[in-house]
Amino acid sequence: MMNTHQMMLVAGTAAAIIIIIGGAIYYSGKDDGDGSDTVKVVATFYPLAYFSKEIGGEYVDVASLVPYNTEIHSWQPSAMDIVAADKADILVYNGGGADHWFERDILPVLGSRERIVVNTTEDMELLTVEYEGHEIVDPHTWICPFTAEQQAEKIYRALVKKDGAHEAYYTHRWESLREAFEKMDQSYAEGLQNTRKDTIFVTHTAFGYLAHRYGFAQYGVIGLSADEQPSTSTIKKLVDMMIEYDTYVIYVDPIYSDEYAQTLKNTLEEKTGRDVTILVLYLMLGPVDGMDYFDQQEKNLENLIQGLEAP
Ligand SMILES: [Zn+2]
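The structure presented is a predicted model; accordingly, all values stated were derived computationally and were not measured.

Each value, and the rule that gives it
- Residues numbered from 1 in each chain as written.
- Predicted model: local features only at pLDDT ≥ 70, side-chain atom pairs only at ≥ 80, totals over all residues.
- Heavy atoms only, no water.
- Helix = DSSP H or I, 4+ residues; strand = E, 2+ residues; numbered from the N terminus.
- Buried < 20%, exposed > 50% of the residue type's maximum accessible area, 1.4 Å probe, protein only.
- Contact = heavy atoms within 4.5 Å.
- Areas by Shrake-Rupley, 256 points an atom, 1.4 Å probe, with all protein chains shown as cover.
- Donors = N, O, S within 2.8 Å, 3.2 Å for Na, K, Ca; no water.
- Pairing = 2+ DSSP bridges.
- Axes fitted to C-alpha atoms, helices over the stretch in contact; angles between N-to-C directions.

Caption draft 1: Examining the overall build of the chain more closely. Assigned secondary structure in the chain consists of 10 helices and 10 strands. Residue burial in the chain is summarised as follows: out of 311 residues, 48% are buried. In the chain, the proportion of contacts linking residues at least 24 apart, taken out of those at least 6 apart, comes to 71%. On the chain, roughly 15100 Å² of surface is accessible, and the fraction owed to carbon and sulfur atoms is 51%.

Caption draft 2: Quick peek at the coordination of the zinc ion. The protein atoms that coordinate the zinc ion are H73 (NE2), H140 (NE2) and H204 (NE2), at distances of 2.0 to 2.1 Å. Between the donor residues of the zinc ion, the gaps in sequence give the motif H-x66-H-x63-H. Here the residue H73 occupies a position in the loop between strand 2 (60–64) and helix 3 (79–86), and H140 occupies one in the loop between strand 6 (134–137) and helix 5 (145–162), the gap between them amounting to 67 residues.

Caption draft 3: How the structure looks around the sheet that holds strand 7 (residues 199–204). Spatial strand order, 8-7-9-10: four strands in an open sheet with parallel pairing. Since the sheet does not close on itself, it has two edges, and those belong to strand 8 (217–222) and strand 10 (277–280), each with one partner. Ignoring which end each strand starts from, the neighbouring axes of this sheet average 35 degrees apart. Strand direction decides the pairing type here: strand 7 and strand 8, joined by five bridges, are parallel. Residue pairing for strand 8: F201 is matched across the bridge by Y219. Its contacts with the sheet place helix 9 (residues 259–272) against strand 7, strand 8, strand 9 (249–252) and strand 10, and it is angled at close to 175 degrees to strand 9. Together, strand 7, strand 9 and strand 10 form the strand contacts of helix 10 (residues 293–307), whose direction differs from that of strand 10 by roughly 155 degrees.

Caption draft 4: Structural view of the sheet that holds strand 1 (residues 39–43). Read across the sheet, four strands follow the order 2-1-3-4 without closing on themselves; strand pairing throughout is parallel. Two strands bound the open sheet, and with one partner strand each, they are strand 2 and strand 4 (116–119). Taken over all neighbouring pairs, the strand axes of this sheet differ in orientation by 20 degrees on average, direction set aside. In the sheet, strand 1 pairs with strand 3 (residues 90–93) via three bridges, with the strands oriented parallel. Within strand 3, the residue paired with A43 across the bridge is V92. Along the sheet face, helix 2 (residues 46–56) touches strand 1, strand 2 and strand 3 and points at about 175 degrees away from the line of strand 2. Of the strands in this sheet, strand 1, strand 2, strand 3 and strand 4 are in contact with helix 5, which crosses strand 4 at around 170 degrees.

Structure below.
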C-alpha cells in the first residue's frame, strides 16, 4: 500500500515527465537559432550554487533547488523542481547523503537531454559516525573550507568541460576562489591552535569536518539528519558531559529552532548555577543578515575561538 506521500510523489513525477517531454521538444527547437552561451547550472542547495556563481560569473545562470535557509535533509522536490533540474546544462549536488532526495527522486526521472551531473563529494574521503550500532556517512562537507574547496574544484572542472571557450575566464575566477578557501583554512588552523577547550556542544551535529581538521570534538542534541526528536535522557547525558568538560557554551544555527538549546541551557544553569552562553554556528544554507558563505565561515571561526577559548 502506498502512503499519501508516495502517491503524491508518483503523481508529481508523472506530471514532471510529461512537462519534460514537452519542454525538451520546445528547447531543442529553440536552441538552434538562439546562440545564447549562458550555461544553466542547477545546484541542490546554497553553497553549491554560491561556488558555481563565483566560478562561472557572467557566463552562468545559477539556480538552487532548495530555497535558501531551508532545512535540506528532509526537503522534497516538487514536479516543478524536477522540470527546473531537467533544463540544466550542469546539475550540481553535494552527495554523501546530504541531498539524498536528488539521487532518489530527481536523477531517475530526467529526460535524455545532454547534461553534466556533478556529485561534488565523489571520490572524497568522507567521515563516518557511529549511530545506533552502525556507521553512517557524515555529509556536511561544505561547512569546512578544506573539504568545500575540493567540492568547488569539481564544479570548476565541469564548467570547463561544458564551456571550453571560456576556460581562461573560469580558471581565473577559480584561482581566486581557491585562494579564499586556502586563506580561510589557514585562519581556522591558526585561530584554533592551543585552545583551552577541545569539545563543542551543538544542536545539530553538522560540524564533523571542522572538528576533524582543526582538532576538536562535537556532541549534539540531535544527530546528523536534523529531524530527530531528542529524548530527555539525551539532554540529561549532554548536561552531565558539559559539566564533566567544564563547558558552558552551546552552539545553534539560527535556521533551526533553538528549543533544544534552551532546554539544555536551562537544565545546565539550574543544576550548576553557572551562566550558559548560546553562540551561533552557521550551517551556511543561505545568505543571512547580508552575510554570504565566506562571511559566515568567518563568523563561525570567531565564535569557535570564543567557545573553545583560544589564547
Ligand atoms: Zn545537516
